[in-house]
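Letter by letter, the chains look like this.
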Amino acid sequence: SGIPGMTNTLFLGAGNMGGAILRGMLAAGVSASEIAVADISESIRLSFAADVAATYDPSDVTALGTAVNWADRVIVAIKPGLVHRVLSSVGPECTGKLLISVAAGVPCATIVAAAPGARIVRVMPNTGALVGHGAAGVFGGLGATPDDIAGSIAMFELLGVAVEVPTEDLLHTVTAVSGSGPAWFFLLAEHIASVGEEMGLPRDAAVKLAAATADGAGKLMATGEDPAVLRGRVACPGGTTAAGVDAMTVQLLEAVKVGMTACDVRSREIAAQNTVAAQ
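The structure contained in this document is the topic of the report that follows. (Residues numbered from 1 in each chain as written. Predicted model: local features only at pLDDT ≥ 70, side-chain atom pairs only at ≥ 80, totals over all residues. Heavy atoms only, no water.)

Thoughts on the overall build of the protein chain
Operational definition: Only runs of H or I of at least four residues qualify as helices and only runs of E of at least two qualify as strands under DSSP, and these elements are numbered from the N terminus. Only protein chains enter the accessibility calculation, which uses a 1.4 Å probe; a residue whose area is less than 20% of its type maximum is buried, one above 50% is exposed, and one in between is partly exposed. Here, two residues are considered to be in contact whenever any of their heavy atoms come within 4.5 Å of each other. Calculation of accessible area relied on Shrake-Rupley with a 1.4 Å probe; when residues are assessed, cover is drawn exclusively from the protein chains displayed. Positive: Lys, Arg. Negative: Asp, Glu. His and the chain ends are not part of the count. Note on charges: their place is set at NZ of Lys, CZ of Arg, CG of Asp or CD of Glu.
Across its full length, the protein chain carries eleven helices and eight strands. For the protein chain, the C-alpha atoms occupy an extent of roughly 70 × 40 × 30 Å along the three principal directions. Across the 279 residues that make up the protein chain, the buried fraction comes to 41%. For the protein chain, contacts bridging at least 24 residues in sequence account for 60% of all contacts bridging at least 6. Accessible surface, the protein chain: about 14300 Å² in total, of which carbon and sulfur atoms supply 63%. With 16 positive and 25 negative side-chain charges, the protein chain shows a separation of 1 Å between the mean positions of the two kinds.

Notes on empty space enclosed by the protein
Empty space among the atoms becomes apparent when a probe as large as a water molecule is rolled across them. For the record, the criterion: Any residue with an atom within 4 Å of a point lines the site, the site being either a cavity, points on a 1 Å grid over the protein atoms alone where a 1.4 Å probe fits but cannot get out, or a pocket, an open set with protein on both sides within 12 Å along at least 5 of 7 lines. Grid points are joined across faces, edges and corners, and a volume is the space filled by probe spheres set on the points. Classification used: nonpolar for Ala, Val, Leu, Ile, Met, Phe, Trp, Tyr, Cys and Pro, charged for Asp, Glu, Lys and Arg, polar for all others including Gly.
According to the stated counting rule, one finds one cavity of 30 Å³ or more in the structure shown. Estimates place the volume of the largest cavity at around 30 Å³. If you go around the largest cavity, the residues you meet are Gly 105, Arg 122, Met 124, Leu 171, His 172, Thr 175, Ser 267 and Ala 271. When residues of the lining of the largest cavity are traced back to their parent elements, those giving at least two are β6 (119–124), α7 (170–179) and α11 (240–273). Tallied by class, residues from the lining of the largest cavity come to three nonpolar, four polar and one charged.

Some thoughts on the pairing of strand β1 (residues 9–12)
For the record, the criterion: Here, strands pair whenever DSSP counts at least two bridges between them.
With burial as the criterion, each face of β1 is covered, one bearing Thr 9 and Phe 11 and the other bearing Leu 10 and Leu 12. Bridging between β1 and strand β2 (residues 35–38) involves four bridges; their strand directions are parallel. Considered in β2, the bridge of Leu 12 is made with Ala 38. Both β1 and strand β4 (residues 73–76) contribute to a ladder of four bridges, which runs parallel.

Details of the layout of surface pockets
Size it by volume and the second largest pocket reaches roughly 490 Å³. In terms of lining residues, the second largest pocket is bounded by 26 residues, among which Gly 13, Ile 40, Ile 78, Lys 79 and Leu 82 are the most central. When residues of the lining of the second largest pocket are traced back to their parent elements, those giving at least two are α1 (16–27) and α4 (83–89). The class makeup of the residues in the lining of the second largest pocket is 16 nonpolar, seven polar and three charged.

Focus on the packing of α7 against helix α8 (residues 181–198)
Our working rule: Axis lines are fitted through C-alpha atoms, for helices just across the contact stretch, and the angle between N-to-C directions can take any value from 0 to 180 degrees.
Between α7 and α8, whose axes approach to 5 Å, the crossing angle comes to 35°. Of the residues in α8, those in contact with Thr 175, Ala 176, Val 177, Ser 178 and Gly 179 of α7 are Gly 181, Pro 182 and Trp 184. Here the contact of α7 with α8 is composed, by residue class, of four nonpolar, four polar and no charged.

Here's the deal with the pattern of salt bridges
We apply this condition: The term salt bridge refers to a pairing of a side-chain nitrogen on Lys or Arg with a carboxyl oxygen on Asp or Glu at a separation within 4 Å.
Overall, the coordinates contain eight salt bridges when judged by the stated rule. For the salt bridge of Arg 119 with Asp 148, the shortest nitrogen-to-oxygen distance reads 2.7 Å. In this pair, Arg 119 sits in strand β6 while Asp 148 sits in helix α6 (residues 146–157), placing the two residues 29 residues apart along the sequence. Two residues, Arg 268 and Asp 169, come together in a salt bridge whose shortest N-O distance is 2.7 Å. Here the residue Arg 268 occupies a position in helix α11, and Asp 169 occupies one in the loop between β8 (160–164) and α7, the gap between them amounting to 99 residues.

Structure follows, in C-alpha cells:
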C-alpha cells in the first residue's frame, strides 16, 4: 500500500476522528481487507460495513478480543474516559500490538497500565483532519520502534501535516499550538467579521470576506514560507497594513500567549485526571 508498516488495522472507535483516519486510509488505496472497526454505535458500524473487512461491538469482550488478535495495530479513538476500561478488557490480546492513541489527554502511563505488553504511539490531531487539512503531533511512547513512528506519521500525513515530538510532555504544547489551534483562528476571524460589521459592512459579507481571507492566508503559509516573511510582503512601510499590524501586535501577542498558556495548563490538569498507574 506504499505506507510503511501498513498491515491489519483495527479502529477502536470510528466516530469523528477515527472515521476521518479510516476514510483517509481508504482514499489512499489501503485494502478494505486490512481494516476493521470496533464501535459501540450500530449506525457507525453499519456505515463502514461495506468498506472494511469486519465490524465488531466492543461491549462484547470476546468479539473485541478476536478483533485485537487479528490486528497488528489498533487506532484508539474512543472517549478518553473509556480508554483504560476498554483496553484493560483486552489487555492480554494487546501484547505485541502497536496501539496508536488519539484519545486527548490520556497519558501513555494509563495505556501501559491497561495493556502492559503493547507498543504505544500517542497522537494529538486536530479538527482540520476532518477536511484533509489536519495538523498532528506524534510521540513514540513505550516500546515504539522507528518504523512504528514512521508509519503513524505517514497515516496522519494522509490527513494533512504530522510532526514527531521528542517528549510526551510536548504534546501539551502541541495541544496549545494546533490541537486547540483551529479555535484561535476561528476566534480571530469572528472578531475581524464583527469589527467589519461595526464599521458598516453587512454581516454576511464581513463573515464571507474574513473566512476567505483566512483560507487564502493559510494556503500561502502552506507553501512553507515563514509567516513573518509573508506578513512583511503585505505590510509595505507607511501603508494601511503596517498601520494595522503596528496597532495590533503588542496586545495580540499578549492575548495569544495568555490563551495558549491557559490551554497548556488545562491540558496538564486533564492528563492528571486521566492518569491510571500500572498495578
